[in-house]
Structures are given as structure tokens and as C-alpha cells.
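# Structural description and commentary
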Amino acid sequence: PSLAELRDIEADLQKFRRRVAVVQILVVVCFLLILTRLSYLQIVRHEDLLEQAENNRTAVIPTVPPRGLIFDRNGMVLANNYSAYTLEITPSQVPDLEATIDALGELVEIQGKDRRRFKRLREDSRSFDSLPIRTRLSDEEVARFSAQRYRFPGVEIKARLFRQYPYGETASHVLGYIGRINAREKARIEEDDDESGNYRGTEYIGKLGVEQSYERELHGITGVNRIETSAGGRATRSLSNYLATPGQNVNLSIDIQLQKMVEELFGQRRGALVALDPNTGEVLAFVSKPTFDPNASVEGIDVESWRELNGSTDKP
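So, how was this worked out
Residues numbered from 1 in each chain as written. Predicted model: local features only at pLDDT ≥ 70, side-chain atom pairs only at ≥ 80, totals over all residues. Heavy atoms only, no water. Salt bridge = Lys/Arg side-chain N within 4 Å of Asp/Glu carboxyl O. Helix = DSSP H or I, 4+ residues; strand = E, 2+ residues; numbered from the N terminus. Buried < 20%, exposed > 50% of the residue type's maximum accessible area, 1.4 Å probe, protein only. Phe/Tyr/Trp six-rings, centres within 6.5 Å; stacked < 30°, edge-to-face > 60°. Core = buried A, V, L, I, M, F, W, Y, C linked by side-chain atoms within 4.5 Å. Arc of directions from axis to C-beta. Contact = heavy atoms within 4.5 Å.

### Some thoughts on the pattern of salt bridges
Throughout the structure, instances matching the rule amount to twelve salt bridges. The salt bridge partner of Arg144 is Glu140, with a shortest N-O separation of 2.8 Å. Pair noted here: Arg144 and Glu140 are both in helix α5 (residues 139-147), with a separation of four residues, about one helical turn. For Arg144, a relative accessible area of 33% gives the class partly exposed. The network of salt bridges with common partners includes Arg67, Arg163, Glu211 and Glu215.

### Side note on the environment of Phe162
When you line up the elements, Phe162 lands in strand β5 (residues 155-164). When the C-alpha positions of Phe162 and Ile178 are compared, they lie 9.9 Å apart, and in sequence the two are 16 residues distant.

### Concerning the packing of aromatic side chains
Counted according to the given criterion, the structure contains three aromatic pairs. Between Tyr177 and Phe292, the aromatic rings sit 6.2 Å apart at their centres with planes inclined by 85°, giving edge-to-face as the arrangement. Highlighted residues: Tyr177 in strand β6 (residues 177-180) and Phe292 in the loop between β12 (283-289) and α12 (303-310), separated in sequence by 115 residues. For the pair shown, Tyr177 and Phe292 are each scored as buried.

### Observations regarding the nonpolar core
Ranked by size, the top nonpolar core spans 19 residues in total, and within it Leu87, Ile89 and Leu104 carry the most contacts. At the level of secondary structure, the elements contributing two or more residues to this core comprise β3 (77-89), α3 (97-104), α4 (112-123), β4 (131-134) and α5. By size, the runner-up hydrophobic cluster in this structure holds 18 residues, among which are Val174, Tyr177, Ile256 and Val298.

### Focus on α5
Those residues of α5 that fall on the buried side of the exposure criterion are Glu141, Val142 and Phe145. Within α5, the buried residues cover an arc of 100° as seen down the axis, which keeps them to one side. Of the exposed residues in α5, the ones pointing more than 90 degrees away from its buried face are Asp139, Glu140 and Ala147. Contacts from the buried residues of α5 go to β3, α3, β4 and β5.

Put into C-alpha cells, the structure is as follows:
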């Protein structure tokens with residue numbers, strides 16, 4: 001080849017070498033960026049990312065403790081718990097939630113208030129929590145659903161404890177009642193780190209009377225079941241389980257038979273009475289008339305009954 005051709009070849013080789021050098025530099029820079037990012041994630045953000053990964057892999061399901069009982073001075077039960085069936089849905093296991101609820105409504109009665117309560121519970125819970133859509137099912141409703149159970153993945157019947165006041169209206173001002181946690185109570189609970197975790201999984205709290213005054217003792221300590229979840233949020237297996245601690249029982253100085261007799265003597269009259277043991281100062285009867293039935297408020301009192309109680313001139 002001629003000298004001119006050799007010069008052209010040399011010029012092309014120089015261009016090629018420069019391009020290779022530039023590419024090499026770019027490759028090195030990219031590797032340095034990747035190495036820098038990897039070091040940042042592995043060293044600087046290690047603890048944070050490990051916690052996030054663990055939270056995505058596991059979930060903590062609260063176990064609600066049985067509420068403590070209330071007794072009078074002679075061991076008569078004034079407030080106890082009874083077991084009843086509830087129809088519950090785990091949202092993460094249900095493909096079409098609204099369609100499922102509509103189909104369930106053909107087997108058991110599901111009212112508007114049930115749907116509203118379920119919606120509120122779902123907003124405050126995780127997708128793998130089991131949430132009640134209907135409480136206190138009858139034996140007939142349980143049988144109807146059980147026969148069609150195969151149609152409803154993610155839906156099951158569970159037994160839950162409900163509060164009961166055997167003496168009804170008697171001593172209701174003393175005992176108070178339990179009811180759903182309202183916005184004010186929820187805000188107060190969330191301010192207390194100890195209480196906020198203890199009320200996960202429950203929507204009830206003591207209202208008025210002994211139920212409110214001894215709420216901390218009666219409520220107990222909530223247990224936890226730590227489960228492993230899939231990428232879709234489905235529970236796969238249980239990792240650990242810490243049992244709930246039942247609430248403490250409360251024994252009152254009240255004599256329920258004396259209380260009942262005094263309330264009967266009042267009849268329809270309004271008034272109040274406190275009977276004390278002069279030797280000890282213990283309260284044997286604590287009467288305020290007219291009274292109300294605390295059982296009506298456990299699952300949420302209906303609008304008509306609430307208006308009747310709240311608007312009554314007797315102010316029960």
C-alpha cells in the first residue's frame with residue numbers, strides 16, 4: 001500500500017482505539033456507580049431495608065383476650081361472656097369482595113349496618129385479618145352457610161365472645177356497659193403506646209360504671225400470632241404464637257338481690273338510693289331510677305332505641 005493509504009489506516013486505528021477507550025471508561029464508570037449503589041444499600045440502608053423485607057414477609061395477628069367477669073359480694077355473676085358464631089371474611093383471600101358479600105346475603109341476613117361496620121373494620125385492618133361481616137348467627141344460618149361453604153373461599157365461621165348482663169336493667173348504672181370504640185377514645189388510645197397495641201383486634205371498650213373504671217383490669221393483655229405471608233399478602237404458616245392473658249375478674253361489694261329489691265320498690269318513680277354497711281363503709285346497693293338495659297348497647301344500639309333513651313324526660 002501507498003504511504004497515503006497507510007496514514008488512513010493509522011488514522012482509523014487511532015479513532016478505533018479512542019472509541020474503545022471511551023467505552024472502557026463508560027463501563028468502568030457504570031461498574032463504579034453500581035458498586036457505589038450496592039455499598040449504599042448493603043451498608044448504609046441495611047437495617048432499614050432488612051426491616052422492610054421482614055415486614056413484607058411476616059405479619060402479626062392480634063389475639064383478643066377474654067374480658068374479665070364482674071361479680072357481686074356473694075359471687076353472683078353480673079357481667080359475663082358467651083360464645084356465638086360470627087361470619088368472617090379475610091379480604092386478601094377473596095377475589096371479588098362485593099360480589100361475595102352479595103352472595104352471602106342470599107344465605108344469611110346482611111343489613112346495611114353490617115356492611116358499614118365491615119367497611120370501617122377493613123379500613124383499620126390489614127388484608128390478611130379476618131373481619132366479621134355478621135355476628136351472632138343462628139343455628140339455621142350456620143347450617144345454610146356450611147352447606148355452601150365450598151363456594152366462598154376466604155369466608156369462614158368463627159366463635160367469638162360477646163358481653164352479657166344477666167340481670168338486664170338491674171344495676172346498669174353501677175356496671176355500665178361495653179360498646180364500640182369511638183373516635184375520641186381511639187385518639188386517646190393511640191396516644192398511649194402501651195394501650196395502642198393492647199387494643200389491636202378489638203373494637204370494644206368499657207363505657208360508664210365499673211366497665212369503664214376498671215377497663216384496664218377487665219380488658220386483659222392482647223396476644224399475638226406471628227405468621228409468614230406470601231407476596232400477595234396470604235398467610236402461609238405460623239411462625240410464633242403468644243397467648244392472650246384473660247382480663248381480671250372484679251368483685252363488687254354490691255348485693256345484687258338487695259339492689260334488685262330496691263329497684264323494684266322504686267317502681268316507675270324517679271330517684272336514687274345508696275345503701276352502705278355502717279361497719280365497713282361498703283356500698284351494698286347503688287340505685288338510680290329510671291334505668292336502662294346495657295345488653296342493648298353491646299352490639300350497637302339501634303337509632304330508634306337510642307333516641308328514645310337520649311330524648312326521654314326521665315333521662316335514664
